[in-house]
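Residue-level listing of the chains:
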Amino acid sequence: MSTADKPEIDAITGSKIHPHEWDGIRELETPPPRWWVLTFAACVIFSLAWWVLYPAWPSFSGYTPGVLGYSTRAELAQTMAAVTAAQAPMNDRLAKLDYAAAAADADVMNFATAGGRALFAENCAQCHGSGAQGNVGFPNLLDDDWVWGGDYATLQATIEHGIRAANDVDTRQSLMPAFGKDGMLTREQVADVTQYVLALSGQTADAAAAGRGEAVFAEQCVSCHGEKGAGNRELGGPKLADGIWLYGGDAKAIEAQVWNPRAGVMPAWAGRLDALAIKKLVLYVHSLGGGE
């Protein structure tokens with residue numbers, strides 16, 4: 001062998017240096033450790049065994065089922081069936097009781113509120129918050145300031161049919177006119193009635209403007225919001241004589257709502273959730289502290 005044919009040896013490691021070069025980079029011809037080779041071979045053997053035993057390869061019409069016929073979907077179905085069977089006795093008890101009787105039965109109430117909490121987290125928390133504390137435009141369910149009412153029957157009707165839901169003829173409807181946008185009130189009248197509403201809620205207000213706004217309120221707003229802003233549940237008119245607000249309670253937010261009001265939408269859950277699930281939700285929401 002000529003000197004030119006002899007492999008070049010790395011002075012530090014004593015390994016052969018690969019003759020090829022890539023952008024000035026050269027590498028050693030060091031074989032992988034035996035443990036690595038054996039581990040790699042074991043992984044290959046394991047993967048081949050897995051392909052044979054379990055579902056592995058997709059096809060145009062399905063997948064290879066594997067010798068064992070294992071299915072995560074089937075396993076989930078079995079688990080859900082077992083859970084349903086375990087809950088059946090309590091579900092039957094809950095179904096037979098009215099709301100008051102269910103609330104009086106500690107075992108049933110614990111079961112119902114646990115289920116309602118899970119249903120709330122899955123279906124309601126996105127708008128009302130994980131703790132039902134609400135947000136701007138989404139009602140707080142922890143207080144006792146209800147637009148439509150907070151008793152069991154009213155909560156059930158609200159959940160079943162929603163608020164301004166498009167595909168439910170029994171949905172709750174309450175639409176506030178756009179007093180400013182539609183020219184029903186002037187900018188000055190909207191500013192005056194805003195000051196009156198501020199005064200109703202106990203906030204600092206311009207007395208002269210609030211005095212003028214009282215007349216505007218009596219003419220335009222009392223029918224829905226009630227005398228002195230006490231609210232009107234039959235029409236879904238919110239109470240204005242407290243510190244609880246849906247879109248904000250400062251002068252700017254109130255004036256914006258009078259000028260061109262916003263109106264949120266709550267889905268109708270009847271049909272999406274079965275009657276027992278709605279019952280659990282009602283009991284859970286009622287138990288949060290604001291139920292009547």
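Residues numbered from 1 in each chain as written. Predicted model: local features only at pLDDT ≥ 70, side-chain atom pairs only at ≥ 80, totals over all residues. Heavy atoms only, no water.

The name given to the chain in an unreviewed UniProt entry is Cbb3-type cytochrome c oxidase subunit, with the source organism recorded as Oleomonas cavernae. Of the chain, the UniProt comment under Subunit (unreviewed entry) reads exactly: "Component of the cbb3-type cytochrome c oxidase." Here is the UniProt Pathway (unreviewed entry) comment for the chain, exactly as written: "Energy metabolism; oxidative phosphorylation." (UniProt positions renumbered as here; feature names shortened; annotations may be inferred.)

This paragraph deals with the UniProt feature "binding site: heme c 2" (unreviewed entry) in the chain. UniProt tags M176, C221, C224 and H225 as "binding site: heme c 2" (unreviewed entry). In summary, the annotated positions, though distributed over 50 residues, converge in three dimensions, the widest C-alpha pair being only 10.3 Å. Within the fold, M176 resides in the loop between α6 (152-161) and α7 (187-200). The class for M176 is partly exposed, based on a relative accessible area of 32%. Residue contacts for M176: discarding those within four places in its chain leaves Q257, V258 and P261. By secondary structure assignment, the location of H225 is in helix α9 (residues 222-225). (Helix = DSSP H or I, 4+ residues; strand = E, 2+ residues; numbered from the N terminus. Buried < 20%, exposed > 50% of the residue type's maximum accessible area, 1.4 Å probe, protein only. Contact = heavy atoms within 4.5 Å.)

Our next topic: the pattern of salt bridges. Opposite charge on two side chains permits pairing when their charged atoms draw close. Within the structure shown, the criterion is met by six salt bridges. Measuring nitrogen to oxygen at the nearest pair gives 3.0 Å for the salt bridge that ties D192 to R212. Separated by 20 residues along the polypeptide, D192 in helix α7 and R212 in helix α8 (residues 207-220) bring together distant segments of the chain. For E292, the salt bridge is made with R233, and the minimal N-O distance between the two is 2.6 Å. On the criterion of sequence distance, the pair formed by E292 in the segment after α11 (275-287) and R233 in the loop between α9 and α10 (251-259) is long-range, its members being 59 residues apart. Residue class for E292 comes out partly exposed when judged on its relative accessible area of 40%. On the accessibility criterion, R233 (36% relative accessible area) is partly exposed. (Salt bridge = Lys/Arg side-chain N within 4 Å of Asp/Glu carboxyl O.)

Buried within α10 are the following residues: A253, I254, Q257 and V258. The buried residues of α10 occupy one face: seen down the axis, they fall within an arc of 130 degrees. (Arc of directions from axis to C-beta.)

Further remarks concern the nonpolar core. Counting residues in each nonpolar core, the largest one holds 30 residues, and the members touching the most others are F120, I159, L273, L281, V282, L283 and V285. Those elements giving two or more residues to this core turn out to be α2 (72-96), α3 (99-104), α4 (106-123), α6 and α11. In this view, I159 contacts M266, P267, A268, W269, A270, I278, L281 and V282; residues no more than four positions away in its chain are not counted. One finds V197, V216, I254 and V258 within the second-largest nonpolar core, a separate group that totals 16 residues. (Core = buried A, V, L, I, M, F, W, Y, C linked by side-chain atoms within 4.5 Å.)

Okay, the UniProt feature "binding site: heme c 1" (unreviewed entry) in the chain next. Here, the residues flagged by UniProt with the feature "binding site: heme c 1" (unreviewed entry) are C124, C127, H128 and M266. The largest pairwise C-alpha distance within this set of annotated residues, which runs over 143 residues, is 10.5 Å, so the set is compact in three dimensions. Within the secondary structure, C124 sits in the loop between α4 and α5 (125-128). Leaving out residues up to four positions away in the same chain, C124 has contacts with L119, G129 and L281. Residue position: H128 is located in helix α5. Beyond its immediate stretch of four places on either side in the chain, H128 contacts F120, Q133, G134, P139 and L141.

The terminal C-alpha atoms of α8, which comprises 14 residues, lie 20 Å apart, in line with the 20 Å expected from a rise of 1.5 Å per residue. For α8, the set of buried residues is A209, A210, G213, V216 and F217. Buried positions along α8 lie against α7 and α9. With a side-chain oxygen positioned 3.1 Å from the backbone nitrogen of A208, the residue opening α8 is D206. (Expected span 1.5 Å × (residues − 1). Polar contact = N/O pair within 3.5 Å; in protein donor to acceptor, adjacent residues only side chain to side chain.)

Below, the discussion takes up the packing of α7 against α10. Two elements in contact, α7 and α10, have axes whose closest approach is 9 Å; the angle formed by their N-to-C orientations is 130 degrees. Here α7 lies oblique to α10, going by the angle between them. Relative to α10, α7 is oriented so that their crossing is right-handed. From α7, R187, V190, V193, T194, V197 and L198 reach across to α10, where they touch A251, I254, E255, V258 and W259. For the contact of α7 with α10, a count of residues per class yields eight nonpolar, one polar and two charged. (Axes fitted to C-alpha atoms, helices over the stretch in contact; angles between N-to-C directions. Parallel < 35°, antiparallel > 145°, perpendicular 65-115°, else oblique. Left-handed = near helix turned anticlockwise from the far one by under 90°. Nonpolar A, V, L, I, M, F, W, Y, C, P; charged D, E, K, R; others polar.)

Once that is clear, we can look at the environment of Y54. When you line up the elements, Y54 lands in the loop between α1 (34-53) and α2. On the accessibility criterion, Y54 (24% relative accessible area) is partly exposed. Separated by 21 residues in sequence, Y54 and P33 place their C-alpha atoms 31 Å apart. Aside from chain neighbours lying at most four places away, what touches Y54 is T64, P65, G66, L68 and Y70.

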